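An overview of the molecular structure
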Amino acid sequence: MADYDDSDLPEPSLKNIIDQDSLQWVFVGGKGGVGKTTTSCCLGVQLAKYRKKVLIVSTDPAHNLSDAFCQKIGREPTPINGFDNLCAMEIDANDDMEKMQQEMVESANAGTGSDEESGISALMAELTSSIPGIDEAMSFSELMKQVQSLDYDVVVFDTAPTGHTLRLLSFPTILEKALGKLMELKDRFGGLIGQASAMFGGGNPGQMQDMMLGRLEETRAVINKVNDAFQDPDLTTFVCVCIPEFLSIFETERLVQELSKFGIDSHNIVVNQVLFPEKDAEELAEWLDANLASLPKEAQDICSKMMARKKMQDKYIGQCFDLYGDDFNVTLMPLLDYEVRGVEKIKLFSENLIDPIDLEEN
């Protein structure tokens, strides 16, 4: 893109994330198939150069971290080969929720602990399976508690495609509203909640109500803490990943707007799969026009299709800079002739995240 003057724009790299020592949570998200996992792995590798302990967490049910690093990664933090301070884990929030509900039911059926505890567990199991959306929200709460309990300087989240990610980021708000409604019901219906929970496990209705509301308040406190952290730009940022095509750029715009609504900091965009990012389509077109006649027919077709793709990409990259160039660090990542798999290739490719491509270079 030789026709862009990037002298007054934010640096086209993710070096700002590496340099921000206070960051604890880095979310990487975007449309499906744009290279979120590769970007997450590359960012984790770069962070590991400067932080003591780095964790990459995949919250996408279709996990790819194992494929990217070419090693088995499970539900517990797994050290990445070749690093002593980089780990990764693949977790499924829905599985965690099912496990939590099962434990509640087993606790109630086994009658472990007091009658009050059994009644609370039974009622909470019913609650989390009957209110739409609260199961995912509470599983997210469990996920955040699990991650917070681990001792890592920074956590990089490799998230699911945009729609799922927006739901995940809205869960603190959903839970806050849901628990607020439950508190209103407590005020309006008095001991009815305690009597309902007493039906599940016996015990004094007053005590049951107090214990259940105490359990909900604990969850609410965790959610509020997570929400505060999400909305603190010193602690949390979101990296939007896209490719230079209409649907991806359009979805990135929607993602940026939604993140702004949630109060979540976002000032980095990574554009993957860019053809010759240091070259301009017009420059390549001049070369092609001068040499096209001398090329075999098959080569002419291949070059013509490549040029059509390059012109389309330049158009959308131009739109991306028009939309975000003044306020966002827009990083262009080149399309390679090989897959970025394995630690060594990820290390090599990750350098492109912090070593910006000179848009004025010929």
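Refer to the preceding data block for the structure.
Residues numbered from 1 in each chain as written. Predicted model: local features only at pLDDT ≥ 70, side-chain atom pairs only at ≥ 80, totals over all residues. Heavy atoms only, no water.

To continue, consider the side chain of Thr37. Positionally, Thr37 belongs in helix H2 (residues 36–47). Filtering out sequence-adjacent residues up to four positions away, Thr37 remains in contact with Asn64, Leu65, Ala68 and Asp158. (Helix = DSSP H or I, 4+ residues; strand = E, 2+ residues; numbered from the N terminus. Contact = heavy atoms within 4.5 Å.)

Ordered by their spatial adjacency, eight strands build an open sheet running S3-S4-S2-S5-S1-S6-S7-S8, and the pairing between neighbours is mixed. Unpaired on one side and paired on the other, strand S3 (78–79) and strand S8 (329–334) mark the two borders of the sheet. The pairing of strand S2 (residues 54–58) with strand S5 (residues 154–158) spans five bridges and is classified as parallel. Considered in S5, the bridge of Ile56 is made with Val156. Contacting strand S7 (268–274) and S8, helix H13 (residues 343–354) runs over the sheet at an angle of about 150° to S8. (Pairing = 2+ DSSP bridges. Axes fitted to C-alpha atoms, helices over the stretch in contact; angles between N-to-C directions.)

The next thing to look at is a nonpolar patch on the surface. On the surface, a nonpolar cluster with roughly 340 Å² of combined accessible area is contributed by Phe246, Leu247 and Phe250. Mapped onto the fold, Leu247 is located in helix H10 (residues 246–262). In this structure Leu247 comes out as exposed when scored by relative accessible area, which is 53%. (Patch = residues over 30% accessible without salt bridge, like charges linked within 9 Å, V, L, I, M, F, W, Y side chains within 5 Å. Areas by Shrake-Rupley, 256 points an atom, 1.4 Å probe, with all protein chains shown as cover. Salt bridge = Lys/Arg side-chain N within 4 Å of Asp/Glu carboxyl O. Buried < 20%, exposed > 50% of the residue type's maximum accessible area, 1.4 Å probe, protein only.)

The terminal C-alpha atoms of H13 lie 17 Å apart, and with twelve residues this matches the ideal 16 Å at 1.5 Å per residue to within 8%. Val343, Ile346, Phe349, Ser350, Leu353 and Ile354 are the residues of H13 that are buried. What you see down the axis of H13 is that its buried residues fit within an arc of 155°, all on one side. Across from the buried face of H13, at angles greater than 90 degrees, the exposed residues are Glu344 and Leu348. Buried residues along H13 sit against helix H1 (15–19), H2, helix H3 (65–69), S7 and S8. (Expected span 1.5 Å × (residues − 1). Arc of directions from axis to C-beta.)

Between helix H11 (residues 281–291) and helix H12 (residues 297–324), the least distance of the axes is 10 Å, while the angle of their chain directions is 160°. When the interaxial angle is binned, H11 and H12 end up roughly antiparallel. Viewed along their axes, H11 and H12 form a crossing whose handedness is left-handed. For the pair H11 and H12, the contacting residues are Ala281, Leu284, Ala285 and Leu288 in the first and Cys303, Ser304, Met307, Lys310, Lys311 and Asp314 in the second. Counted by class, the contact of H11 with H12 contains six nonpolar, one polar and three charged residues. (Parallel < 35°, antiparallel > 145°, perpendicular 65-115°, else oblique. Left-handed = near helix turned anticlockwise from the far one by under 90°. Nonpolar A, V, L, I, M, F, W, Y, C, P; charged D, E, K, R; others polar.)

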